[in-house]
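# Structural description and commentary
Read off the chains here:
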Amino acid sequence: MAVWDDLVGQDRVIEQLAAAARDADALVTAEAAPGGPGAGPGGASKMTHAWLFTGPPGSGRATAARAFAAALQCVSPDRAYGGPGCGFCDGCHTSLVGTHADVEVVRTDVLSIGVKETRELVRRAQLSPAGGRWQVIVLEDADRLTEGAGNVLLKAVEEPAPRTVWLLCAPSLEDVLPTIRSRCRSLTLRTPPAGAVADILVRRDGIEPELADRAARATQGHIGRARRLATDERARARRAAVLKMPLRVADMGGALKAAQELIDAAAEDAKQVAEEVDTKETEELRAALGAAAGTGGRLPRGTAGAMKDLQDRQKRRATRTQRDSLDLALTDLTGFYRDVLAIQLGSRVEIANTDARDTLERIAAGSRPEATLRRIEAIVACRRALDRNVAPLLAVEAMAVALRAG
């Protein structure tokens, strides 16, 4: 299986990355040949030191970056014929599973990436490859860099080490500092077709075709969400509850109660993540610091600061988890009203929420397209408010009242 197989519906991007990987391989091979550095591949090289992968959520930005990283590290003896990225050699395999010594994959579970973390990445980027062909830094959340962190990164992207490659991922070009994106080669991914997403769920995850098709349509081509919806009963139950919200905002009390339940569900998601991860992290740190076994063991003197740093990080992660859960619910609501609008306008666009058709038709019959558009705008306004750190309950209550008003 080639490293590109998990990139769904991105043929143009695959073609560009495969060409760049071939040129990168030729460059390294020439440098390793007797006689010193070679001229590299003839003509204009498709390879460059910094790449920016952009595209809507679920398009596979991070998947594309990791696949390219694997292709750059490919050591298959047959790569001269089939091209780098076989998916089976040690370079490909370790890059894809995250154990390659020269591939650093950075993803954050908090709201932002600060200067301290970025400086550590820049320091690593100056090193020569330990054993691989390139030193590759994959930054999956480049849009979460603070302004200070972006300025730190700029210098490294501007003057990279000879065998270092930066692979940055962000939803759009506007989410990255202009000075950084101007120094990167940009690749834009598209939302994959629902049929292609359903096919990979069946082929790779063994999901029943009917369930895979429903999940792919419901998530409108978002691969990660489609997999979760198809494999997690709780996710399906939570989505079903969100799609009932339009029927519950008929009066003010119902609107406010629905908003509170949405917030409570997001908080429960954050709590579940904390229960699964926080306890393990805390015990591992206590053991590393030399605390006595058991949760009641005292920490050695001078180690309280490290424990406080961990607690602060866990708190930030819980905040992001709650925000992400809310954003997912708002995305589902947007898709619901998009289907309502399609029915009201008699559009031939396929309905995403086929399992809620009765509710869709009921809402469509009871309102006009103008009201539906205002409701969609209210959901967008709520997402913007959450991005500006408005208190989640206030933002969701305002949205619920707006949904009621139409």
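This report concerns the structure included in the present document.

Once that is clear, we can look at the overall build of the chain. If you tally the helices and strands in the chain, you get 17 helices and five strands. Projected onto its principal axes, the C-alpha positions of the chain cover 80 × 65 × 40 Å. Looking at the 406 residues of the chain, the share that counts as buried comes to 45%. For the chain, contacts bridging at least 24 residues in sequence account for 71% of all contacts bridging at least 6. Carbon together with sulfur atoms contributes 52% to the accessible area of the chain, which is approximately 20300 Å² in total. The distance from the centre of the 56 positive side-chain charges to the centre of the 54 negative ones in the chain is 3 Å.

Another point: the sheet that holds strand S4 (residues 164-170). The five strands are arranged S2-S3-S4-S1-S5 in an open sheet whose pairing can be described as parallel. Edge positions in the sheet fall to strand S2 (103-106) and strand S5 (185-188), since each has one partner strand and no second. Averaged over all adjacent pairs, the angle separating strand axes in this sheet is 15 degrees, with direction ignored. Bridge analysis of strand S1 (residues 50-54) against S5 gives four bridges, and the strand direction is parallel. Opposite Trp51, over in S5, you have Arg185 as the bridge partner. In the packing of helix H2 (residues 61-72) onto the sheet, the strands contacted are S1, S2, strand S3 (135-139) and S4, and the crossing angle to S4 comes to about 165 degrees.

Per the stated rule, a full pass over the model turns up 26 salt bridges. A salt bridge links Arg228 to Asp232; its shortest N-O distance comes to 4.0 Å. Take Arg228: its relative accessible area is 35%, and that puts it in the partly exposed class. Since its relative accessible area comes to 18%, Asp232 is described here as buried. For Arg383, the salt bridge goes to Asp327, with nearest N and O atoms at 2.8 Å. Pair noted here: Arg383 is in helix H16 (residues 369-387) and Asp327 is in helix H14 (residues 304-344), with a separation of 56 residues, a long-range link. We classify Asp327 as partly exposed; its relative accessible area is 29%.

Conventions used here
- Residues numbered from 1 in each chain as written.
- Predicted model: local features only at pLDDT ≥ 70, side-chain atom pairs only at ≥ 80, totals over all residues.
- Heavy atoms only, no water.
- Helix = DSSP H or I, 4+ residues; strand = E, 2+ residues; numbered from the N terminus.
- Buried < 20%, exposed > 50% of the residue type's maximum accessible area, 1.4 Å probe, protein only.
- Contact = heavy atoms within 4.5 Å.
- Areas by Shrake-Rupley, 256 points an atom, 1.4 Å probe, with all protein chains shown as cover.
- Lys, Arg positive; Asp, Glu negative; His and termini not counted.
- Charge placed at Lys NZ, Arg CZ, Asp CG, Glu CD.
- Pairing = 2+ DSSP bridges.
- Axes fitted to C-alpha atoms, helices over the stretch in contact; angles between N-to-C directions.
- Salt bridge = Lys/Arg side-chain N within 4 Å of Asp/Glu carboxyl O.

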